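Chain and residue survey
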Amino acid sequence: MSALSSLALRPATGLRGLFAGAPASSTEAFTSPAPPVRQLTPPSQLSEAELIDGCLAGSRLMQKHLYERFAGRMMAVCLRYAQTTFEAEDVLQEGFVTVFRNLSSFRRECPLEFWIRRIMVNAALRQHRRNAPLIAVSEGEYPEELAGEEFTLANYGFEELLTMVQELAPRYRMVFNLFAIEGYGHKEIGEMLGISEGTSKSQYSRARAILKSKIERLDAQSNHGHFRT
């Protein structure tokens, strides 16, 4: 089984199948001379260049280290776009298959994490197009001025924020993430999602209005003695 085909498995089982070496036979264990002891660089101290070069050389150990370094952060990205953890795991798996398949094309002009993040976002967009086609909101249905209203998310933990974002309708969730988190402009988002720039703006405004309403309800509960932990 090749490294890439093994990655088609889910992360928990895929890593075991991809990166675990085959055990030596009992005969080999007694007759083979002990290999020389080598001082290995701790995974956390490996540079990005070392990780990349090792992966390009076909090292499964370096593939494992690269995956483990970025999987947690990329899972957080996938969760924001997905509606369930199961769906996020699918996106993460597809994204890392793309990472290892295209690593040779990475020109090292930006941090590796930035490049991987873009791949994960694109994987999330593909998953969205497969599972939840956008339902266009008529242009002008929600006033653009709404997007300028101020409200803060700083007082809320990751789990609360994630729940609020995941509860958005898919069309709103995608636009909100792409604009508010990833920093794309509405014209770019429209091209990515196959909608007009105006529709992207109205969907973002609606997403903000929904989140603002959720926050106001949480604040009201807090003020009545139901404090968040």
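Quick caveat: nothing in here was measured; it's all calculated off a predicted structure.

Another aspect to go through is the packing of aromatic side chains. Taken as a whole and assessed by the stated rule, the structure comprises five aromatic pairs. Ring centres 5.0 Å apart and planes at 35° place the aromatic pair phenylalanine 106 and tryptophan 115 in the tilted group. Ring centres of phenylalanine 179 and tyrosine 204 lie 4.5 Å apart, and the angle between their planes is 55°; this geometry places the pair in the tilted category. With phenylalanine 179 in helix H9 (residues 170–181) and tyrosine 204 in helix H11 (residues 197–223), this pair connects stretches of sequence that are 25 residues apart. We classify phenylalanine 179 as partly exposed; its relative accessible area is 29%. Taken together, Tyr67, Phe96 and Phe100 form an aromatic cluster joined through their ring pairs. Over the aromatic face of tyrosine 172 sits the side chain of arginine 171, whose NZ or CZ is 4.7 Å from the ring centroid.

Before going further, it helps to spend a moment on H9. Taking 1.5 Å of rise per residue, the 12 residues of H9 would be expected to cover 16 Å, and the 16 Å separating its terminal C-alpha atoms lies within 8% of that figure. Those residues of H9 lying buried are Tyr172, Arg173, Met174, Val175, Phe176, Asn177 and Leu178. On the buried face of H9, the contacting elements are helix H5 (60–81), helix H7 (112–131), helix H8 (158–166), helix H10 (186–193) and H11. Phi for glycine 183, located one or two positions after H9, is positive at around 85°.

Here the focus is the pattern of salt bridges. Taken as a whole, this structure holds 10 salt bridges when the rule is applied. One salt bridge connects glutamate 68 with lysine 64, and the closest N-O pair in it is separated by 2.8 Å. Of this pair, glutamate 68 and lysine 64 both sit in helix H5, four residues apart, which is roughly one turn of the helix. Judged by relative accessible area, which is 27%, lysine 64 ranks as partly exposed. Of the charged contacts, one joins glutamate 182 and arginine 80 as a salt bridge, the two residues approaching to 3.2 Å between their closest N and O atoms. Residue glutamate 182 is found in the loop between H9 and H10, and its partner arginine 80 is found in helix H5; the two are separated by 102 residues along the sequence. Here glutamate 182 and arginine 80 have matching classes, each one buried.

The next subject is the confidence of the model for the protein chain. Mean pLDDT for the protein chain: 78, with 69% of residues reaching 70 or above. A low-confidence stretch, residues 134–148 (pLDDT under 50), is modelled with 31 contacts involving residues beyond four sequence positions or located in other chains.

A few words now on the packing of H5 against H7. Interaxial distance between H5 and H7 falls to 10 Å at its minimum, and their mutual angle equals 40°. By the angle between their directions, the pair H5 and H7 is classed as oblique. As H5 runs across H7, the sense of the crossing is right-handed. Each of Leu66, Phe70, Arg73, Met74, Val77, Cys78, Arg80 and Tyr81 in H5 lies in contact with H7, whose residues at this interface are Leu112, Glu113, Ile116, Arg117, Met120, Val121 and Ala124. A breakdown of the residues in the contact of H5 with H7 according to their chemical character gives 11 nonpolar, no polar and four charged.

So, how was this worked out
- Residues numbered from 1 in each chain as written.
- Predicted model: local features only at pLDDT ≥ 70, side-chain atom pairs only at ≥ 80, totals over all residues.
- Heavy atoms only, no water.
- Phe/Tyr/Trp six-rings, centres within 6.5 Å; stacked < 30°, edge-to-face > 60°.
- Helix = DSSP H or I, 4+ residues; strand = E, 2+ residues; numbered from the N terminus.
- Buried < 20%, exposed > 50% of the residue type's maximum accessible area, 1.4 Å probe, protein only.
- Lys NZ or Arg CZ within 6 Å of the ring centre and 35° of its normal.
- Expected span 1.5 Å × (residues − 1).
- Contact = heavy atoms within 4.5 Å.
- Salt bridge = Lys/Arg side-chain N within 4 Å of Asp/Glu carboxyl O.
- pLDDT = per-residue confidence, 0-100.
- Axes fitted to C-alpha atoms, helices over the stretch in contact; angles between N-to-C directions.
- Parallel < 35°, antiparallel > 145°, perpendicular 65-115°, else oblique.
- Left-handed = near helix turned anticlockwise from the far one by under 90°.
- Nonpolar A, V, L, I, M, F, W, Y, C, P; charged D, E, K, R; others polar.

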